[in-house]
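# Fold and contact review
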Amino acid sequence: MNKHCPEIFVSIESSGDILEADEQYPILFQEEYDDPPDHVGEVYHGPPKPSPTLKTYTVTRWHALLNMLRSLGLNRCGINTILGRIDKPELILTSCEWKLVEDLIIFLQPFETIVTSLSSEKHATINVALLLRSEIEACIRASDDDSLAIVQMKESMNEQFERRFPISDIMLASALLDPRFVNLKSITEILMKKSLSKSDFLARMVLKELKDNGVELSNAIVTPEAIQPSSTTSICALAIKHSHEHEFTDSVIEQECQTYISSVNVSQVKNDVVKFWSDRQKQFPWLSTLASKYLCVPATSTPSERVFNVAGLTVSARRSSIHPANVNKTIFVHDNYEMCRASLGN
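Here the structure is a predicted model, which means the values were calculated and not measured. (Residues numbered from 1 in each chain as written. Predicted model: local features only at pLDDT ≥ 70, side-chain atom pairs only at ≥ 80, totals over all residues. Heavy atoms only, no water.)

## A look at the environment of Asp169
Spelled out, the test is: Numbering goes from the N terminus for both helices and strands, where a helix is a DSSP run of H or I of at least four residues and a strand is a run of E of at least two. Should any heavy atoms of two residues lie within 4.5 Å, those residues are considered in contact.
Residue position: Asp169 is located in helix H8 (residues 169-176). Note: C-alpha distance between Asp169 and Met205 (36 residues apart in sequence) is 8.1 Å. Aside from chain neighbours lying at most four places away, what touches Asp169 is Lys194, Phe201 and Met205.

Here is the structure:
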């Protein structure tokens, strides 16, 4: 299949005029029938449908392989028809190869959801990393229904999994700071290996952050604000040294962590874990400060890459003379379609 794919795309690109100009054999359906039913070939009078398109594989684009396979599956009938017309029957995929395409689509679809969740630009993501890691583990676990190719792919991914997606203490703490994930099986298994309870682990993370920010744990006076990273750490340390607002002991932090673990439940958080901790700063001062450091929206290149992708589709070979101002407006409408549609409706 791999050696034939480039030939298929080259052939179909060179035969685009056949698909557009040949009106004697229009492609009006996407499924393939041994005995076409009566309705096949009837003219469609409903709303205009998007033209069938094929996607090519691009290494630098997320989900490029999945999108390519989907386009192959959706256009299976059209591909076979065109290859037959241009006398390239050797490029037509066999039933076994089409079955492999279907299996790959089913296998790769969950990864699209996982990547989309991890590349969010409006919500914290590190707190869901452990959950999504567990989902990936489930996806690459071999089952009796897998074909040989899928089994080999899963084995290869399993060999690299621990190296490509290691579990860090920050990832574990972030999951514990989200009430929805406190009872994940993976958390329990990891902490059992460490011989730690959930509250003990969180308390250690708070103490570690204090130490990393230059706060001497031997000092008798420490405030939750000391955990905040700052360019004036030395000033904060002096303020802590000469104040008497809060007395610090390990048991204070441990008690707070125990209270949090024993009292939280899933219903307390809908989709915004940051708001959850913002509303509980007074109740859990140490943990809310830790949460403010870990549960933040990551700075990624995902938004800009999406803009480049849309721009590449907008400024095509047939629209190379489009004015830059119109390019900007088109991309803006694309990225804010729902808002633009609502404003026009009002």
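## Observations concerning the nonpolar core
As a reminder of what qualifies: Among buried residues, those of type Ala, Val, Leu, Ile, Met, Phe, Trp, Tyr and Cys that are joined through side-chain atoms within 4.5 Å constitute a nonpolar core. Only protein chains enter the calculation, and the probe is 1.4 Å; a residue is then buried if its accessible area is under 20% of its type maximum, exposed if over 50%, and partly exposed in between.
Counting residues in hydrophobic clusters, the biggest one holds 62 residues, and the most contacted among them are Leu177, Tyr260, Trp277 and Leu287. When residues in this core are grouped by element, the largest group, eight residues, is from helix H5 (residues 95-118). Other than its neighbours up to four places away in sequence, Leu177 contacts Leu202, Tyr260, Val273, Trp277, Leu287, Leu290, Ala291, Tyr294 and Leu295.

## As for the environment of Arg280
Inspection of the secondary structure puts Arg280 in the loop between helix H13 (273-278) and helix H14 (285-294). Among residues more than four places away in sequence, those in contact with Arg280 are Gln268 and Ser288.

## Some words on the pattern of salt bridges
Rule in force here: A pair is scored as a salt bridge if a Lys or Arg side-chain nitrogen falls within 4 Å of a carboxyl oxygen belonging to Asp or Glu.
Using the criterion set out here, one finds 11 salt bridges in the structure. The residue Asp103 makes a salt bridge to Lys99 at a minimum N-O spacing of 2.8 Å. Linking Asp103 with Lys99, this pair stays in helix H5, spanning four residues, or about one helical turn. Residues Lys293 and Glu209 are paired through a salt bridge, measuring 2.5 Å at the closest nitrogen-oxygen approach.

## Points about the packing of helix H15 (residues 302-314) against helix H16 (residues 324-335)
For clarity, the threshold we go by: Only the stretch in contact is used when a helix axis is fitted, and all axes are lines through C-alpha atoms; the angle between N-to-C directions ranges over 0 to 180 degrees. Under this scheme an angle from 65 to 115 degrees is roughly perpendicular, one under 35 degrees roughly parallel, and one over 145 degrees roughly antiparallel; angles in between are oblique. In this scheme, a crossing is called left-handed if the near helix is turned counterclockwise away from the far one by less than a right angle; it is called right-handed if the turn is clockwise. Residues are grouped as follows: Ala, Val, Leu, Ile, Met, Phe, Trp, Tyr, Cys and Pro are nonpolar; Asp, Glu, Lys and Arg are charged; all remaining types, including Gly, are polar.
Between H15 and H16, the shortest axis-to-axis distance is 10 Å and the interhelical angle comes to 125 degrees. Classified by the interaxial angle, the pair formed by H15 and H16 is oblique. Viewed along their axes, H15 and H16 form a crossing whose handedness is right-handed. Facing H15, whose interface residues are Val307, Val310, Ala311 and Thr314, H16 presents Thr330, Ile331, His334 and Asp335. Per-class residue counts for the contact of H15 with H16 are four nonpolar, three polar and one charged.

## Here's the deal with the packing of helix H10 (residues 198-212) against H14
Taken N-terminus to C-terminus, the directions of H10 and H14 make an angle of 70 degrees; their axes are 10 Å apart at the nearest point. In terms of axis orientation, H10 runs roughly perpendicular to H14. Across the interface between the two elements, Leu202, Met205, Val206, Glu209 and Leu210 from H10 touch Trp286, Leu287, Leu290, Lys293 and Tyr294 from H14. Residues of the contact of H10 with H14, tallied by class, amount to eight nonpolar, no polar and two charged.

## What to know about helix H9 (residues 185-194)
Definition in use: When we speak of the arc, we mean the arc of directions from the helix axis to the C-beta atoms.
Of the residues making up H9, those classed as buried are Ser186, Ile187, Ile190 and Leu191. Axial view of H9: buried residues confined to an arc of 125 degrees, hence all on one face. Turned more than 90 degrees from where H9 packs its buried face, Lys185, Met192 and Lys193 sit exposed. In this fold, the buried residues of H9 make contact with helix H6 (126-139), H8 and H10. Phi for Ser195, located one or two positions after H9, is positive at around 55 degrees.

Read these as spatial facts, not as claims about activity.
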